[in-house]
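# Coordinate inspection notes
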Amino acid sequence: DPDTNIYYSSHMEKLIDQEFIRFQRSGTPMTLLRIRIDNWDNIIKGVSIKDIPVLVKDISQALKSLFAEGDILGRKGQDYHAILLSTEQNKGLFVAERIRKRFSTSDFFTSEGNRVPATITIGLIGSGPEMETVDVLKSRIDNVMAQSIENNHVYFYQKGSARKYVEEVVTIQNISGKELF
């Protein structure tokens, strides 16, 4: 998408399929995230028509800035998909929660200067030996995302069901004492 510099959903679906084939062939881990902008319908009802494309671009860029170079991000409406390459599910959980928290501190504004509150919900699934097909992967991310939306928290797939991610409280600081995440 030239406006957001994020892949369209149709291209993203192809990339998910390709990365799954790579995972099957090489065994290199991957983690798939589905991200939803919470209360999207209420958000767009509260802004003018001219502000919607700008808001979509700003939200997309805010999300994109939270991912590492090489991670893949795509969008369809209020849903975003991300592929974390060479990332096992446990590390993906940490990344997902960090993204959710950092996004919650982002500010978005209308052309009139009104703040638009936006939060996200994330569902996550890592590749594993039980993933026989890409359709199984996609079905499980759908189930996990439904739990995430219902409970407004990061959920992941483990041992046949969606589970809530409970982050350990860890603060990592650099030499200057600045909190990194």
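Summarised in this report is the structure supplied together with it. Keep in mind it's a predicted model, so treat the numbers as computed, not measured.

## Some points on the packing of aromatic side chains
Counted according to the given criterion, the structure contains 2 aromatic pairs. Look at F20 and F23: their rings are 5.7 Å apart centre to centre, the planes differ by 50°, and that puts the pair in the tilted class. Pair noted here: F20 and F23 are both in helix α1 (residues 9-26), with a separation of 3 residues, about one helical turn. One exposure class covers both F20 and F23, and it is buried. Aromatic pair F103 and F108: ring centres 5.5 Å apart, planes at 35°, arrangement tilted.

## Concerning the pairing of strand β3 (residues 72-76)
For β3, a buried count of 4 out of 5 residues is recorded, marking the element as mostly surrounded by other parts of the structure. The pairing of strand β1 (residues 7-8) with β3 spans 2 bridges and is classified as parallel. Its bridge partner being in β3, Y8 is matched across the sheet by R75. Strand direction decides the pairing type here: β3 and strand β4 (residues 79-85), joined by 5 bridges, are antiparallel. Across the sheet, residue L73 finds its bridge partner in β4, namely A82. Following β3, the chain reverses through 2 residues before pairing antiparallel with β4; G77 in that reversal takes a positive phi of roughly 60°.

Conventions and cut-offs
- As a convention, each chain's residues are numbered from 1 in the sequence order in which they are written.
- Totals for whole chains, interfaces and linings use all residues, but because this is a predicted model, local features are given only for residues with pLDDT of at least 70 and pairs of side-chain atoms are given and counted only at 80 or more.
- Only heavy atoms go into the side-chain values, all of them from the structure, while hydrogens and water stay out.
- Here a Phe, Tyr or Trp ring, Trp counted by its six-membered ring, pairs with any other such ring whose centre lies within 6.5 Å, and the pair is stacked when the planes are under 30 degrees apart, edge-to-face when over 60, and tilted otherwise.
- To qualify as a helix, a DSSP run of H or I must reach at least 4 residues; to qualify as a strand, a run of E must reach at least 2; elements of each kind are numbered from the N terminus.
- Note on classification: 1.4 Å probe, protein chains only; a residue is buried when its accessible area is under 20% of the maximum for its type, exposed when over 50%, partly exposed between these limits.
- The rule for pairing is simple: two strands pair if DSSP sees at least two bridges between them.

Without other data, these values stay purely geometric and don't point to any function.
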